[in-house]
Amino acid sequence: MSILLVAIALPGLFRIALSRTPFAGDESQYARASIELFRSFARSPLGWLHLLITISPYKPSALVWLGQFFVPLGSYVGSVDKALLLCIWCIQVLTLGLLASALWKISGRQLGQPVLIMLICASAPLFVTLGSYYMVESIQTLAAVWFIFIMAHAHRWSPALTLSLLFVGSAYAPLTKQTTPLFCFWPGLIALLCALHRARTRHDWEWQSPGVMIVWIAGVVIAAATSMWYWRNWKTSMAYVIANTRGPLGVMWGKEDSFAGALIYWLGILPGKFILPGLAPVMLGLVAAAIFHRAVTGRDHARPYFSICGAAALLQVVTVLIVFSFNFNRELRFLLPMLPSAALVVCWSVAHFGSRLLTGLAVIVFAGQLGLIWGCVFHMWLPPPHVFLRGIDHDGQDARLFESIVARTCYDATPLRYVNIIAIDPAFRGDWLAPEPANYVATRNAGPTNAPTCVYGYAGGDFSGERADRAWDDVVSQNVRYVITIDPGVYTIPSKTYHPALDAKHFPSFWSELERSPLFRAEPPLPEDPGIRIFRRVDRN
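About the thresholds
- Residues numbered from 1 in each chain as written.
- Predicted model: local features only at pLDDT ≥ 70, side-chain atom pairs only at ≥ 80, totals over all residues.
- Heavy atoms only, no water.
- Salt bridge = Lys/Arg side-chain N within 4 Å of Asp/Glu carboxyl O.
- Buried < 20%, exposed > 50% of the residue type's maximum accessible area, 1.4 Å probe, protein only.
- Disulfide = S-S within 2.5 Å.
- Helix = DSSP H or I, 4+ residues; strand = E, 2+ residues; numbered from the N terminus.
- Patch = residues over 30% accessible without salt bridge, like charges linked within 9 Å, V, L, I, M, F, W, Y side chains within 5 Å.
- Areas by Shrake-Rupley, 256 points an atom, 1.4 Å probe, with all protein chains shown as cover.
- Pairing = 2+ DSSP bridges.
- Axes fitted to C-alpha atoms, helices over the stretch in contact; angles between N-to-C directions.
- Contact = heavy atoms within 4.5 Å.
- Parallel < 35°, antiparallel > 145°, perpendicular 65-115°, else oblique.
- Left-handed = near helix turned anticlockwise from the far one by under 90°.
- Nonpolar A, V, L, I, M, F, W, Y, C, P; charged D, E, K, R; others polar.
- Phe/Tyr/Trp six-rings, centres within 6.5 Å; stacked < 30°, edge-to-face > 60°.
- Lys NZ or Arg CZ within 6 Å of the ring centre and 35° of its normal.
- Expected span 1.5 Å × (residues − 1).

Engineer: So what's going on with the pattern of salt bridges? Which residues, and what values?
Structural biologist: For the structure shown, the criterion picks out 16 salt bridges. A salt bridge links Arg294 to Asp300; the nearest nitrogen and oxygen atoms lie 3.5 Å apart. Look at Arg294 and you get partly exposed, because its relative accessible area is 34%. Judged by relative accessible area, Asp300 falls into the partly exposed class, the value being 21%. Put simply, Arg333 and Glu331 hold a salt bridge, and the shortest N to O gap is 3.2 Å. By relative accessible area, Arg333 is classed as buried at 15%. The class for Glu331 is partly exposed, based on a relative accessible area of 22%. Several salt bridges share partner residues, and in doing so they unite Asp26, Lys59, Glu137, Lys177, Glu331 and Arg333 into one network.

Have a look at this one:
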C-alpha cells in the first residue's frame, strides 16, 4: 500500500513543480496570513501568539497555522506559492494514508479494500483539482477522515484511547472550518458507542497508558487554541457563516431555491465532481443493489462491523446533502469533505457481494479514472465533459500579468502606505485578478523585514459593492494612488457580474469619470495585456 500511495502522490508533486497558476481570492487570504504569521514569529514570539488568534477573524485558522511552517520552504522550492501547495499535498497524502489504514482494519486486512478507497478518493476530479488550491477543504477532509479512522479501530481499541482521539478530533475539527463537524458526526457517533460498549465489558479503561496521556495533553492544547479563537471571533465568524449560507453572499455564489430544488441540484452535480459522469450510474446502481440485496436476503459477505461503518458513511452522505439543501450557497468545493464517506459506501457495496472479481474490476475502473484525470490535468488529452477539473498553467501568462500590475503600482517611494483600487469584476477572468491576490503578492514580495508600501481595495467600498453608486466619489475621497481596471473599448463588460459597482449600470459611469478626470493620468499600456489599464493619481506625491 505504501508503494501505491507514493505512486498516487507523485503527479501532485509534478503539478506543483510545473504549474504557474496565481492564487485566487480566498487562497490569497490564507496565504497572506500564513506569511504574516511566520514573519511575526521571527520578529516577536509574543506578538505572534496574539496574531494567531486575531489574524483571521472570519475563518478558523487551522490551515493558516499549519501553512506558516511551510513558508520558509519557499526559498528551496522556488516560491512561497509552491511551498504552500506542498502543505496541501502533504495533507492529501496523509488523508489517503489514514483512509487506507481504516479500510485495512474494517475489511479484515483484505488488500483490495484499502487500495480501492485510495483510488476512489485520489481519482475524484474534485479531490485532484482542490489539491492545486491553497484552501481549507483539503484539511476539512483530513478532519473527516480522522473520525473514519477512529471509527475503524474503535471496536478493537481501549475505551480510553478511542475517547482521547475523539476528543482531539472534536477539538480540532471546528478549527479547520465552522462547518467541519457536520462531516464527522456519524463516524464519531459510532466510535463513541463502540467505546462505551467496550467500557461495559472491560474493567480497565487504560487511562494510565502513556499513549493515552500524550493524546489527552495534545487534545487539551488544541481545545484551548480552538476555544480562544472562537471566544475572540465568535460574533464575526458566525455572521460570516450566516451571510455565506442564507445571506446575500450565499445568494451571490448560489441561488435562492426550495429544499427540493436544492437537493436535486446537489444530487445532479455529484457526477463529474466525485466520479466521471459515465461511471456514476454504474456505481449508484451497485450501491442500490447492495442495499436492496442486504435488506431482502439478510445476507452480507462484508464483515458485520464493515456493514455498520458503511451504514454510518451512508447516513453521513445523506445528512450532508440534507443540510446543504437548506443553504443558498452552491460552491462545489464545499462537497469535498463528504468524499471519504461516499467512497466508504462504495467500498462496502463491493465487499457486500464478496467477489474478488468485482473488487478487481472496481480497482481497475478507478485506476483508469485516476490516469484519465491526471492526463487531463497535464493536457495529455482534453478533459471529459461536465467534469470539475483545472489543468496546469504551463506558460504562466496570468501570473506574469499580475506580477507586472503589482510591480507597477506598489513600489512608489513614500513614507505613508497608500491605497490602490482594482476595479475588475471576478466574472472577467476569475478572482485571481482582484485586490486580495494583489495584497498577497505585495506582502510576499516585500521581504521578511518590510511591509508592502500599498494596500489594494475594491471599488464601491468592499467586495459586495455596497456603495456602488458612490464608487467614484470613494476613489477621490480616499486619495487612491492607482486604479487598475479594464478598457471597455477593448473588453466587453461581463453580462453577469458579482460586484455591483462594476456591472453594466455603474461601470460605464465609473470609467467615464476616470478617463476624463484631471486627477488621474493613464499609465503606458501593459505589454502583457494592453486591455488592462492603470491610472495614476497626479495631484499626490
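Engineer: Residues and numbers for the state of the cysteines, please.
Structural biologist: Scanning all chains against the criterion turns up 1 disulfide. Paired through a disulfide, Cys410 and Cys454 show a sulfur-sulfur distance of 2.0 Å. Note on the Cys410 and Cys454 pair: the S-S dihedral is about -105°, so by sign convention the disulfide is left-handed. Here the residue Cys410 occupies a position in the loop between α19 (397-409) and β1 (418-423), and Cys454 occupies one in strand β2 (residues 454-457), the gap between them amounting to 44 residues. Classification of Cys454 by relative accessible area gives buried; the value is 1%. With no disulfide of its own, Cys90 lies 6.9 Å from the sulfur of Cys87, the closest cysteine sulfur. Unpaired in this structure, Cys376 has its nearest cysteine sulfur neighbour in Cys121, at a distance of 19 Å.

Engineer: Would you mind going over a nonpolar patch on the surface in detail, with residue names and values included?
Structural biologist: A surface patch of nonpolar side chains, about 470 Å² in accessible area, is lined by Phe259, Ile291, Leu314, Val318, Ile322 and Phe326. With 3 residues, helix α16 (residues 304-324) is the single largest residue contributor to the nonpolar patch. By the secondary structure assignment, Leu314 is in helix α16.

Engineer: Give me the sheet that holds strand β4 (residues 520-522): which residues, what numbers.
Structural biologist: Pairing is mixed in the open sheet, where 5 strands are placed in the order β2-β1-β3-β5-β4. Each edge of the sheet is formed by a strand with only one pairing partner; in this case those strands are β2 and β4. Pairwise comparison of adjacent strand axes, ignoring direction, gives a mean angle of 25° for this sheet. Here helix α23 (residues 507-516) sits on the sheet in contact with β1, β3 (482-486), β4 and β5 (532-537), set at roughly 130° to β3.

Engineer: So, the packing of helix α2 (residues 25-43) against helix α21 (residues 435-446): which residues are in play, and what are the values?
Structural biologist: At a closest axis distance of 8 Å, the pairing of α2 and α21 adopts a crossing angle of 25°. Taken together, the axes of α2 and α21 are roughly parallel relative to one another. Handedness of the α2/α21 crossing: left-handed. The segment α2 lies against α21, with Gly25, Ser28, Gln29, Ala31, Arg32, Ile35, Glu36 and Arg39 engaging Glu436, Pro437, Asn439, Tyr440, Thr443 and Arg444. For the contact of α2 with α21, the class distribution of residues is 4 nonpolar, 5 polar and 5 charged.

Engineer: Summarise the packing of aromatic side chains; cite the residues concerned and give the values.
Structural biologist: Using the criterion set out here, one finds 24 aromatic pairs in the structure. A ring pair is formed by Phe183 and Phe324, whose centres lie 6.1 Å apart and whose planes are at 90°; its orientation type is edge-to-face. Residue Phe183 is found in the loop between α10 (159-176) and α11 (185-201), and its partner Phe324 is found in helix α16; the two are separated by 141 residues along the sequence. For Phe324, a relative accessible area of 8% corresponds to the buried category. Centre to centre, the rings of Trp207 and Trp216 are 6.0 Å apart; their planes meet at 45°, and the pair counts as tilted. With a relative accessible area of 33%, Trp207 lands in the partly exposed category. These aromatic residues form a ring-pair network of at least three members: Phe167, Trp205, Trp207 and Trp216. Over the ring of Tyr418 we find Arg481, and its NZ or CZ is 4.5 Å from the ring centre.

Engineer: Mind laying out the environment of Phe183, listing which residues take part and the relevant values?
Structural biologist: With relative accessibility at 2%, the residue Phe183 sits in the buried group. Spatially, the C-alpha atoms of Phe183 and Leu111 are 26 Å apart, while their sequence positions differ by 72 residues. In this structure, Phe183 is in contact with Gln140, Ala144, Gln316, Val320, Phe324, Phe334, Pro337 and Met338, ignoring residues within four places of it in sequence.

Engineer: A description of α21 should follow, citing residues and the corresponding values.
Structural biologist: When the terminal C-alpha atoms of α21 are compared, their 16 Å separation across 12 residues agrees well with the 16 Å that a helix rising 1.5 Å per residue should span. Most of α21 sits out of view: 11 of its 12 residues are buried. If you check which residues of α21 are buried, you get Pro435, Glu436, Pro437, Ala438, Asn439, Tyr440, Val441, Ala442, Thr443, Arg444 and Ala446. In the core, the buried residues of α21 are packed alongside α2, α6 (80-106), α19, β1 and β2. Immediately beyond the C-terminal end of α21, within one or two residues, lies Gly447, with a positive phi of roughly 95°.

What is shown is where atoms sit, not what they do.
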